[in-house]
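What follows is each chain in one-letter form.
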Amino acid sequence: VSTQSTGNDGNVHVISKMGDNFALSKSAVFATYCRKFFFHGEGRTVLSYTDRWNKVKDMLQFLSPEDKEGLVTEICLSPDDRIPLDLRALISKDELQTFLTNFGQDMFEKYKSTFFQSYLICFKEPELLDIVLVAMLLDQHASKDVGVLLESRGMSGERLIDTCIQLLLSDRTIPDSLSNQEEVSHIFKAPLRDLFSCLMTSSPHSVTSQQYVIEQLKGVCNESNLRDGVLEETISALEDHLSNEDDTEMLVYFKTKPLVELYWPGQPLQPTSILTDKLFGDLRDAVSSIEQCSALWDILLLWAQLGLQNNWVVGILDAISKLPNVDDLPGAGPLIVSILQSPETKLSQDTILEVSQLFPAPLSYVVVLASQHTDLYYEMILDLTVLDLQNATLLSLILDRDLYVYLVSSELYPTLARALTEGRSLDYVRAAAGKLREAGCTLEAVSLLASFTKSNYSTFSAYLSLSNAFS
């Protein structure tokens, strides 16, 4: 029966009685008429949707439970935005009580312009209900009602955690039916660290235990072939809520795992492997590039949260020294500096001298100057050559340590003076000149300023002004 053939309410009863002759149920006939009347009206009389519903409601008694549910759902979830939301809410509350248990008037008033429509969608697609509840949980005002809704449906808060885990592991595609529901769809774009932090927050409205959340996140960290960024998001969520030493060791393991998998594929790794000489030795012995050395240092920095052993630091420096043509590797000098200037590195003076002997010049000098043992600097700089200064890392260390003031009489000074002025700011040059003057090298200080002003100032008066300010 088409919507055109059901006629009007004057003959719908007649047609319904004839239905049996055409294998049509009375319910099907009334459902078709109600659908036509509500969505399209009747004749030339213009009725509001509320008036249309009042008439349709009187006919619901003739519909089977299935036809009634189908009609009410279609009205409540209609894409026709002319149907008032208040009317949809009224219909759903009157006719869909089994679904909307405990979504009472107070909740409707609070959420009628936000979560209510999304909640209605879940009547047709129950699998989306958890997503809507998670979105409510993330809302500062709605979170306190999530427990009520969970309880009313006999659901545990743990299933929301499982939903969040699935979001984490999925490609986070927004379901079509929720794509226009901004209050819900945003969780597919939100940082999952915020999401899990909210779920783990201890509060009177907490829907699950923090320990359950932590265990589920640990499970994600143990997964293989995770989508890009998933492990980092999961670790960051865990990081805020782990406190004891066992938890810290587990976190260090999870952070170590992707580095080992990326730079040492095939290397066996277990939680008990971290912080052991065995694992460090296996990784160090397999090093064949400066990139692996850098990754090994990143691993040691992770381990440093629980204690960094000096033999590991020496071991990584030894591995760097054994790389082919190490003195020509652009990243070798900066990595050595990064290791030796780390607050976690505490090597003795004798150890620094031993390590420096592992490297050819000028990297041997870099080792000494990158250390905190200033007594070693002054003897070492006497051995420097102009060729050594071609190493940018070494040159930078000499300038940063203000060692140029001890080299004004050497063949190195012209190179150092150029490095102190070329591409520098006025404040930098003034500070360097001040250090020279304090060391009794007034002529060199003025000469440094003169060299800078010659390149950067066009008038002699500017130079005089600079000199006067300096003096």
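Residues numbered from 1 in each chain as written. Predicted model: local features only at pLDDT ≥ 70, side-chain atom pairs only at ≥ 80, totals over all residues. Heavy atoms only, no water.

J.: Mind showing me how you'd approach the packing of aromatic side chains here?
T.: Think of a pair of aromatic rings as described by two things: how far the centres are apart, and how the planes are tilted against each other in angle. Scanning the entire structure with this criterion turns up eleven aromatic pairs. The structure contains a cluster of three or more aromatic residues connected by ring pairs, namely F38, F39 and Y49. Just above the ring of Y49 sits the side chain of R52; from NZ or CZ to the centre is 4.5 Å. In this structure, R424 is placed above the aromatic ring of Y428, and the distance from its NZ or CZ to the ring centre is 4.3 Å. (Phe/Tyr/Trp six-rings, centres within 6.5 Å; stacked < 30°, edge-to-face > 60°. Lys NZ or Arg CZ within 6 Å of the ring centre and 35° of its normal.)

J.: Is there a simple way to explain helix α14 (residues 230–239) in this structure?
T.: Turn by turn, an α-helix covers 3.6 residues, leaving residues three or four places apart pointing in a common direction. Among the ten residues that make up α14, seven are buried, leaving the element largely enclosed by the rest of the structure. Those residues of α14 that fall on the buried side of the exposure criterion are V230, L231, T234, I235, S236, A237 and L238. (Buried < 20%, exposed > 50% of the residue type's maximum accessible area, 1.4 Å probe, protein only. Helix = DSSP H or I, 4+ residues; strand = E, 2+ residues; numbered from the N terminus.)

J.: Quick question: what am I supposed to make of the confidence of the model for the protein here?
T.: When pLDDT is low, close inspection of the predicted coordinates is not appropriate. Per-residue confidence for the protein gives a mean pLDDT of 84, with 85% of residues at or over 70. Across residues 1–7 the pLDDT falls below 50, and counting only partners more than four positions away or on other chains, this stretch makes 17 contacts in the model. (pLDDT = per-residue confidence, 0-100. Contact = heavy atoms within 4.5 Å.)

J.: How should the nonpolar core be read in this particular structure?
T.: Soluble globular proteins: nonpolar side chains tend toward being buried together. Membership of the largest hydrophobic core comes to 95 residues, with the highest contact counts inside it found for W303, L317 and I320. By residue number, the principal contributor to this core is helix α17 (residues 290–303), which donates nine residues. Not counting residues up to four positions away in its chain, the partners in contact with I320 are I290, C293, V326, L335, I336, I339 and F359. Among the nonpolar cores identified, the runner-up in size contains 52 residues, and A89, I121, V134 and L137 belong to it. (Core = buried A, V, L, I, M, F, W, Y, C linked by side-chain atoms within 4.5 Å.)

J.: Would you explain helix α2 (residues 26–40) in this entry?
T.: The first and last C-alpha atoms of α2 sit 21 Å apart over 15 residues, in line with the 21 Å expected at 1.5 Å per residue. All of the buried residues in α2 are S27, V29, F30, A31, T32, Y33, C34, K36, F37, F38 and F39. G41 occupies a position one or two residues after α2 and carries a positive phi of about 75°. (Expected span 1.5 Å × (residues − 1).)

J.: Explain the packing of helix α7 (residues 115–124) against helix α8 (residues 129–138) here, please?
T.: Any two packed helices are characterised by the angle at which their axes cross and by the distance between the axes. Interhelical geometry of α7 versus α8 gives an angle of 160° and a closest axis separation of 9 Å. Relative to α8, the element α7 is oriented roughly antiparallel. For the element pair α7 and α8, the recorded crossing hand is left-handed. In contact with F115, S118, Y119 and C122 of α7, α8 contributes L129, V132, A135 and M136. Its residues assigned to classes, the contact of α7 with α8 comprises seven nonpolar, one polar and no charged. (Axes fitted to C-alpha atoms, helices over the stretch in contact; angles between N-to-C directions. Parallel < 35°, antiparallel > 145°, perpendicular 65-115°, else oblique. Left-handed = near helix turned anticlockwise from the far one by under 90°. Nonpolar A, V, L, I, M, F, W, Y, C, P; charged D, E, K, R; others polar.)

J.: So what exactly am I meant to see when it comes to the side chain of S321 here?
T.: With respect to the helices and strands, the residue S321 is situated in helix α18 (residues 310–321). In this structure S321 comes out as buried when scored by relative accessible area, which is 12%. Once you skip the residues sitting within four places of it in the chain, S321 turns out to touch V326, L358 and F359.

J.: For this particular structure, what's the right way to read the packing of helix α13 (residues 210–221) against α14?
T.: Running from N to C, α13 and α14 cross one another at 150°; their axes reach a closest spacing of 9 Å. By the angle class used here, α13 and α14 are roughly antiparallel. Pair α13 / α14 crosses with left-handed handedness. Contacts from I214, L217, K218, V220 and C221 in α13 reach V230, L231, T234, I235, A237 and L238 in α14. Taken together, the residues that form the contact of α13 with α14 break down as nine nonpolar, one polar and one charged.

J.: For this particular structure, what's the right way to read the pattern of salt bridges?
T.: Throughout the structure, instances matching the rule amount to twelve salt bridges. Among the salt bridges present, the one from D145 reaches K110, with a minimum N-O distance of 3.0 Å. Separated by 35 residues along the polypeptide, D145 in helix α9 (residues 143–152) and K110 in helix α6 (residues 105–111) bring together distant segments of the chain. A residue is classified by how much of its surface remains accessible, and D145, at 9% relative accessible area, is buried. Residue K110 is classed as partly exposed on the basis of its relative accessible area of 40%. In this structure, the salt-bridge partner of K218 is D247, at a minimum N-O distance of 3.8 Å. In this pair, K218 is assigned in helix α13 and D247 in helix α15 (residues 245–263), connecting sequence segments 29 residues apart. (Salt bridge = Lys/Arg side-chain N within 4 Å of Asp/Glu carboxyl O.)

J.: Please clarify how unusual backbone geometry should be interpreted in this entry.
T.: Excluding glycine, residues mostly have negative phi values, and the peptide bonds linking residues are mostly trans. Look at the link from A361 to P362: it is a cis peptide, with omega at 5°. Here P362 shows up in the loop between α20 (349–356) and α21 (363–370). The phi torsion at N325 lies on the positive side, around 50°, for a residue other than glycine. Relative to the helices and strands, N325 is located in the loop between α18 and α19 (332–340).

J.: What am I meant to see in the environment of V326 here?
T.: Mapped onto the secondary structure, V326 falls in the loop between α18 and α19. Look at V326 and you get buried, because its relative accessible area is 4%. Separated by 37 residues in the primary sequence, V326 and L363 have C-alpha atoms spaced 8.7 Å apart.

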